[in-house]
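# Structural features, examined
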Amino acid sequence: MKIIVVKDSEQGGKEACKIFKEVLADNGTVFGLATGSTPLTTYRNLVKDDIDFSNAISVNLDEYVGIKPDNPQSYQYFMNEYLFKYKPFKHSYLPQGDAPDSKKEVERYDKVIAENPIDLQLLGIGRNGHIGFNEPGSDFNLKTHKVALSPSTIKANARFFKNEEDVPRYAYSMGIGSIMKSKKIILEAFGAQKAHAVAAMIEGPVSADCPASVLQKHNDVIVIVDEEAAAELK
Ligand code: F6R
């Protein structure tokens, strides 16, 4: 793992933006994308940049189950708001939260990933070490699946909803098996709340207790952390 410690998330977003540009210049065409607060500075920098994704494909990590794509809480809406409306891709794929049949939706998404091998995957990390919605205890070989969100993730994500009860209990998530097939991975973490998970990911044992620790086994991972998130590293 290559670790880049930056002053703050703004600087982190700039670093990530540079890597997106390098991958695109190197003929990378498929970008795995994340939502949440962490990638916002990256998307802001991409929007400001002259980068052109019109011949590229995006494949998002996850989506809440039971939510329509035009619902402002959906990850589809988030992506439109912060990136796609400024920087359209040739095609953007996300799991469809309101798909009538979960089994078919999971199969459809696995096919999307198989047909569009990811050149660069952008990840955030949960306070409990999750990546995508692969919560502690997740099987490292999983492909796309429907997952029950852990109580700590529901609590953490409640800040985006009116009440904690409104947070969906299930999500579709790309599995760790699929994430690990990405050619290159950037994981970003900003803020003191991520310090424990970051230390467990980088210095802890590779264990399902901290799903992100599996990244120690990938040969091209760049971790971009601010000083607060790096605070528990030895
Ligand atoms: C989002 C995702 C999640 C987040 C993680 C951190 O698509 O897959 O794993 O990256 O929950 O969320 P934030 O960035 O809001 O702290």
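In this text the structure is predicted, and so the values were computed from the model without any measurement.

The next thing to look at is the overall build of the chain. Counting secondary structure elements, the chain contains seven helices and 10 strands. In terms of overall size, the chain behaves like a compact globule, its C-alpha atoms giving a radius of gyration of 16 Å where 234 residues would be expected to give roughly 17 Å. For the chain, the spread of C-alpha atoms along the three principal axes comes to 45 × 40 × 35 Å. In the chain, buried positions account for 42% of the 234 residues. Considering only residue pairs separated by 6 or more positions, the chain has 80% of its internal contacts joining residues 24 or more positions apart.

Here we come to the UniProt feature "active site" (unreviewed entry) in the chain. Under the UniProt annotation, the feature "active site" (unreviewed entry) is placed at D62, N128, H130 and E135. Within the secondary structure layout, D62 lies in strand β4 (residues 62-64). Excluding anything up to four places from it in sequence, D62 contacts Y75, P95, G132, F133, A171, Y172, S173 and M174. Locating E135 in the fold gives a position in the loop between β6 (120-123) and β7 (145-148). Apart from residues no more than four positions distant in its own chain, E135 is found in contact with N128, H130, V147, S150 and T153.

Packing of helix α1 (residues 9-25) against helix α2 (residues 40-48) brings their axes to within 7 Å, and their N-to-C directions diverge by 55 degrees. Classified by the interaxial angle, the pair formed by α1 and α2 is oblique. Judged by the sense of rotation from one axis to the other, the crossing of α1 with α2 is right-handed. Counted together, S9, E10, G12, G13, K14, A16, C17 and F20 of α1 and T41, T42, R44, N45 and L46 of α2 form the full contact between these two elements. Taken together, the residues of the contact of α1 with α2 break down into four nonpolar, six polar and three charged.

Another aspect to go through is the site of the ligand. Around the ligand, the surrounding shell holds 13 residues, and the nearest of these are A34, T35, G36, T38 and G124. Here the residues of the shell around the ligand sort into four nonpolar, eight polar and one charged.

In this section: the nonpolar core. Of all hydrophobic cores here, the largest spans 59 residues; its most connected members are L123, I125, I186, L187, V198, M201 and A212. With six residues, helix α7 (residues 195-203) is the largest single contributor of residues to this core.

The strand order across the open sheet built from three strands is β4-β8-β7, with neighbouring strands paired in antiparallel fashion. The sheet is open, and its two edges are formed by β4 and β7, each paired on a single side. The average angle at which neighbouring strand axes cross in this sheet is 25 degrees, direction not considered. Of the strand pairs in this sheet, β4 and strand β8 (residues 170-173) are connected by three bridges, and their pairing is antiparallel.

An α-helical turn contains 3.6 residues, so any two residues separated by three or four positions project in the same direction. Among all positions in α2, only T41, T42, Y43, N45 and L46 are buried. Taken together, the buried residues of α2 touch α1, α3 (75-84), β6 and β9 (184-189).

Once that is clear, we can look at the confidence of the model for the chain. Averaged over the chain, the pLDDT score is 97; the fraction of residues at 70 or greater is 100%. When pLDDT is averaged over each helix and strand of the chain, the minimum, 91, is found for helix α5 (residues 151-157) and the maximum, 99, for β9.

With that settled, the discussion passes to the sheet that holds strand β1 (residues 2-6). Here we have seven strands laid out as an open sheet, ordered β1-β10-β9-β6-β2-β3-β5, and parallel in their pairing. In this open sheet, the two strands that pair with only one neighbour each are β1 and β5 (91-93). Each strand of the sheet is rotated relative to its neighbour by a mean of 15 degrees, with strand direction disregarded. Where strand β3 (residues 57-60) lies against β5, three bridges are found, and the strand directions are parallel. Paired with I57 across the bridge in β5 is H91. In the packing of α1 onto the sheet, contacts are made with β1, β6, β9 and β10 (221-226), and the angle to β10 comes to roughly 160 degrees.

The rules behind these values
In this convention, every chain numbers its residues from 1, walking through the sequence in written order. The model is predicted, so local features are restricted to residues of pLDDT at least 70 and side-chain atom pairs to those at 80 or more, both for listing and for counting; the totals for chains, interfaces and linings are taken over all residues. Each helix is a run of DSSP H or I of at least 4 residues and each strand a run of E of at least 2, with the numbering of both proceeding from the N terminus. All radius of gyration figures rest on C-alpha atoms, and the globule criterion is 2.2 Å times the number of residues raised to 0.38. Our exposure labels follow a C-beta count within 10 Å of each residue's own C-beta, placed from the backbone: buried means 20 or more other C-beta atoms, exposed means 12 or fewer, and partly exposed covers the counts in between. For the purpose of contact definition, each residue receives a C-beta atom placed from its backbone, and two residues are in contact when these atoms lie within 7 Å. UniProt positions are given in the numbering used here, feature names are shortened, and annotations may be inferred rather than shown by experiment. Each axis is a line fitted through C-alpha atoms, and for a helix only the stretch in contact is used; angles between axes span 0 to 180 degrees, taken between their N-to-C directions. Roughly parallel means an angle under 35 degrees; roughly antiparallel means over 145; roughly perpendicular covers 65 to 115; every other angle is labelled oblique. Note: crossing handedness is left-handed where the near helix turns anticlockwise from the far helix by less than a right angle, and right-handed where it turns clockwise. Amino acids are sorted into nonpolar (Ala, Val, Leu, Ile, Met, Phe, Trp, Tyr, Cys and Pro), charged (Asp, Glu, Lys and Arg) and polar (every other residue, Gly among them). Being near a molecule or strand means, for a residue, that its backbone-placed C-beta atom lies within 6 Å of it. Take the buried Ala, Val, Leu, Ile, Met, Phe, Trp, Tyr and Cys residues, join any whose C-beta atoms are within 7 Å, and the set you get is a nonpolar core. A strand pair is defined by DSSP finding two or more bridges across the two strands. As a per-residue measure, pLDDT tells how confident the predictor is, with possible values from 0 to 100.

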